[in-house]
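Examination of the molecular architecture
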Amino acid sequence: MASLEIGIIGLPNCGKTTIFNALTGAGVVVQPYAATEVSVNTGIAQVPDERMAPLATVEDSQKLVPPTVQLVDVAGLQRGGGRDGGLSGEFLQALRAADALIHVVRTFEDDAVFHVDGRIDPAEDAEGVDLELLFADGMLISKRTERLQRAVQVGQKDAKAEADLLAELAAHLDGGGTARTFAKKDDLPAEVQLELLTLKPMMYVANTSESGDPDGVAALKTYAGDAEVVAVAGRFEAELAEIEDPEERAMFLAEIGQEEPSAPRVAAAAFRMLELITFFTAGPKDVWAWTIRKGSNAVEAGGKIHTDIARGFIRAEVINWKDLVDAGSRAEATKLGQLRVEGKEYIVQDGDVLNVRFNV
Ligand SMILES: Nc1nc2c(ncn2[C@@H]2O[C@H](COP(=O)(O)OP(=O)(O)O)[C@@H](O)[C@H]2O)c(=O)[nH]1
Ligand SMILES: [Mg+2]
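In this report, we go over the structure that sits alongside the text. Keep in mind that what you see is a predicted model, and the values were worked out from it rather than measured.

The subject of this paragraph is the pattern of salt bridges. Using the criterion set out here, one finds 17 salt bridges in the structure. Of the charged contacts in the structure, one is a salt bridge between Glu191 and Arg144, with a shortest N-O distance of 3.1 Å. Taken together, the residues Glu191 in helix H6 (residues 190-195) and Arg144 in helix H4 (residues 122-153) connect sequence positions 47 residues apart. By relative accessible area, which is 44% here, Glu191 ends up partly exposed. Notably, a salt bridge pairs Arg272 with Glu228, separated by 2.7 Å at the nearest N-O pair. Highlighted residues: Arg272 in helix H10 (residues 263-273) and Glu228 in the loop between helix H7 (214-224) and strand E7 (229-232), separated in sequence by 44 residues. In this structure Glu228 comes out as partly exposed when scored by relative accessible area, which is 22%. One salt-bridge network, in which partners are shared between bridges, spans Asp117, Arg119, Glu124 and Asp125.

Below, the structure written as structure tokens:
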């Protein structure tokens, strides 16, 4: 899997760029009364993993290489946009390229920050944006159905089957469902699957004031149902991201009673929604964290490190990171019988440390 790309969406002024800055430390200028023109900021967020430092100690590693995700701050979503002629092509293009979406919802109160409806209502705001995504998908389906008509009329079976499936999906969306909850989603043509916005995994970030806005966050959680909701004090954390000195950062965080920045919590939730797990490779040079789909086998994991490794795979030595840290060294872990030898079919587990043997 190439670098994972997560699109950040939400109403104008809900704090997308601020959250983007908090997560990437990119220091992109926020515009207080943001215009709605499309603009796309792209940044790389490192995903800190607290298991890496103890591993580095055991292996005497010089360097930590955490996984990264690519974040894209996508402005330009307007409520009603889907109904009056559709959301802009550029906006949709940026969204459709994303592997998953983070939907930012404002819970913070601040009279100085304009809200399109002049009130704070997280559940209703979230629903408004989610409806736009549904409208965009509805448009996509009707355009595609239209293009299929000729083929259907001349009796092409495949076209008929697809048109029927699209009609079922359209009815499902009309009933308030998303493409994610459409039972036959896997039967849709691959290019349709890639373009449907409500098929993408989505999580919510509540952009809170420093007090945490418990009521607003609770309302959003009720609306979100099974979807992940992570609360982030956006403006505070965007300022935090600009502080270099670790001690000063810790003091700043303590002010709002938080131990660490939100980035790891957002990342962990994103990994859960994408069904990703992390495995490690560790040696004297460095400790690397790698992300793969849950259920991947040892060869696929090897291929993540290098295609040669997948091609020439012989076997993998595997140990759980905690067992290795507790044993204190690889030699000690081997004595304790904790270092296992696994073959190609081994399903890699979250937290595994892998040492892959391969032919070149
Ligand atoms: N009080 C407060 N203001 C915020 C917070 N997050 C963002 N803002 C302000 O809201 C305005 C819009 O934020 P921005 O990130 O540009 O929103 P976007 O249009 O969704 O990208 C800016 O003036 C931000 O400083 C927050 O957590 N608290
Ligand atoms: Mg913005």
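On to the site of ligand 1. Close to ligand 1 lie 19 residues; Asn13, Lys16, Thr17, Thr18 and Asp110 are nearest. Note that an oxygen atom of ligand 1 is positioned 2.8 Å from one of the backbone N or O atoms of Lys16. Thr208 is positioned such that a nitrogen or oxygen atom in its backbone is 3.2 Å from an oxygen atom of ligand 1. Alone, ligand 1 offers 580 Å² of accessible surface; in the complex the protein occludes 91% of this. Secondary structure elements with two or more residues in the shell around ligand 1: helix H1 (16-24) and helix H8 (234-240). Looking at the shell around ligand 1 element by element, the count peaks at three residues for H1. Partitioning the shell around ligand 1 into residue classes produces eight nonpolar, eight polar and three charged.

In this section: the packing of aromatic side chains. Following the criterion strictly, the structure yields four aromatic pairs and no others. Ring plane angle 20° and centroid distance 6.4 Å describe the contact between Phe279 and Trp290, whose orientation is recorded as stacked. Of this pair, Phe279 sits in strand E8 (residues 276-282) while Trp290 sits in strand E9 (residues 286-293), placing them 11 residues apart in sequence. By the burial criterion, Phe279 is buried, and Trp290 matches it.

The subject of this paragraph is empty space enclosed by the protein. The gaps of empty space that remain are located by a probe, the size of a water molecule, rolled over the atoms. Summed over all chains, the structure comprises two cavities of 30 Å³ or more. Each pocket or cavity is described by its volume, and for the largest cavity that value is around 120 Å³. The wall of the largest cavity is formed by 13 residues, among which Ala45, Val69, Ala263, Val266 and Ala267 lie closest to the centre. Per element, the largest residue contribution to the lining of the largest cavity is five residues, and it comes from H10.

If you trace the six strands from one edge of the open sheet to the other, you get E2-E4-E1-E5-E6-E7, paired in mixed fashion. In this open sheet, the two strands that pair with only one neighbour each are strand E2 (40-46) and E7. Averaged over all neighbouring strand pairs, the angle between strand axes comes to 25°, with direction disregarded. Sheet strands touched by helix H3 (residues 89-96): strand E1 (5-9), E2, strand E4 (68-74) and strand E5 (100-106). Its angle to E4, the strand with the most contacts, is close to 165°.

This part takes up the packing of H4 against H7. A pair of packed helices is captured by two measures, namely the crossing angle of their axes and the spacing between those axes. For the pair H4 and H7, interaxial distance at closest approach is 8 Å and the crossing angle is 40°. Taken together, the axes of H4 and H7 lie oblique to each other. Side by side, H4 and H7 meet where Pro122, Ala123, Ala126, Glu127 and Asp130 of the first sit next to Gly216, Ala219, Leu220 and Tyr223 of the second. Among the residues forming the contact of H4 with H7, the class breakdown is six nonpolar, one polar and two charged.

When you line up the elements, Asp73 lands in strand E4. The buried charged residue Asp73 lacks any salt bridge partner; its closest oppositely charged side chain belongs to Lys16, at an N-O distance of 5.8 Å.

Moving on: the nonpolar core. By size, the foremost hydrophobic cluster in this structure holds 27 residues, and its most contacted members are Leu71, Ile102 and Met203. Elements that contribute at least two residues to this core include exactly E1, H1, E4, E5, strand E6 (202-207), E7 and H10. With seven residues, H10 is the largest single contributor of residues to this core. Each residue touching Met203, except ones within four places of it in the same chain, is listed here: Leu101, Ile102, His103, Glu228, Val230, Val266, Ala269, Ala270 and Met273. With 25 residues, the next largest nonpolar core counts Val72, Leu95, Ala136 and Ala206 among its residues.

Moving on to the side chain of Asp352. Within the secondary structure, Asp352 is located in strand E12 (residues 352-358). Salt bridges are absent for the buried Asp352, whose nearest opposite-charge side chain, Arg340, sits at 4.6 Å. Of the polar contacts made by the side chain of Asp352, one reaches the backbone nitrogen of Gln349; its length is 2.9 Å. Ignoring sequence-local partners within four residues, the contact set of Asp352 consists of Thr278, Phe279, Phe280, Val318, Ile319, Asn320 and Tyr346.

Conventions adopted
- Residues numbered from 1 in each chain as written.
- Chains lettered and ligands numbered in written order.
- Predicted model: local features only at pLDDT ≥ 70, side-chain atom pairs only at ≥ 80, totals over all residues.
- Heavy atoms only, no water.
- Salt bridge = Lys/Arg side-chain N within 4 Å of Asp/Glu carboxyl O.
- Helix = DSSP H or I, 4+ residues; strand = E, 2+ residues; numbered from the N terminus.
- Buried < 20%, exposed > 50% of the residue type's maximum accessible area, 1.4 Å probe, protein only.
- Near = heavy atom within 4 Å.
- Polar contact = N/O pair within 3.5 Å; in protein donor to acceptor, adjacent residues only side chain to side chain.
- Areas by Shrake-Rupley, 256 points an atom, 1.4 Å probe, with all protein chains shown as cover.
- Nonpolar A, V, L, I, M, F, W, Y, C, P; charged D, E, K, R; others polar.
- Phe/Tyr/Trp six-rings, centres within 6.5 Å; stacked < 30°, edge-to-face > 60°.
- 1 Å grid on protein atoms, 1.4 Å probe; cavity = no way out; pocket = protein on both sides within 12 Å on 5 of 7 lines; lining within 4 Å.
- Points joined across faces, edges and corners; volume = space filled by probe spheres on them.
- Pairing = 2+ DSSP bridges.
- Axes fitted to C-alpha atoms, helices over the stretch in contact; angles between N-to-C directions.
- Contact = heavy atoms within 4.5 Å.
- Parallel < 35°, antiparallel > 145°, perpendicular 65-115°, else oblique.
- Lys, Arg positive; Asp, Glu negative; His and termini not counted.
- Core = buried A, V, L, I, M, F, W, Y, C linked by side-chain atoms within 4.5 Å.

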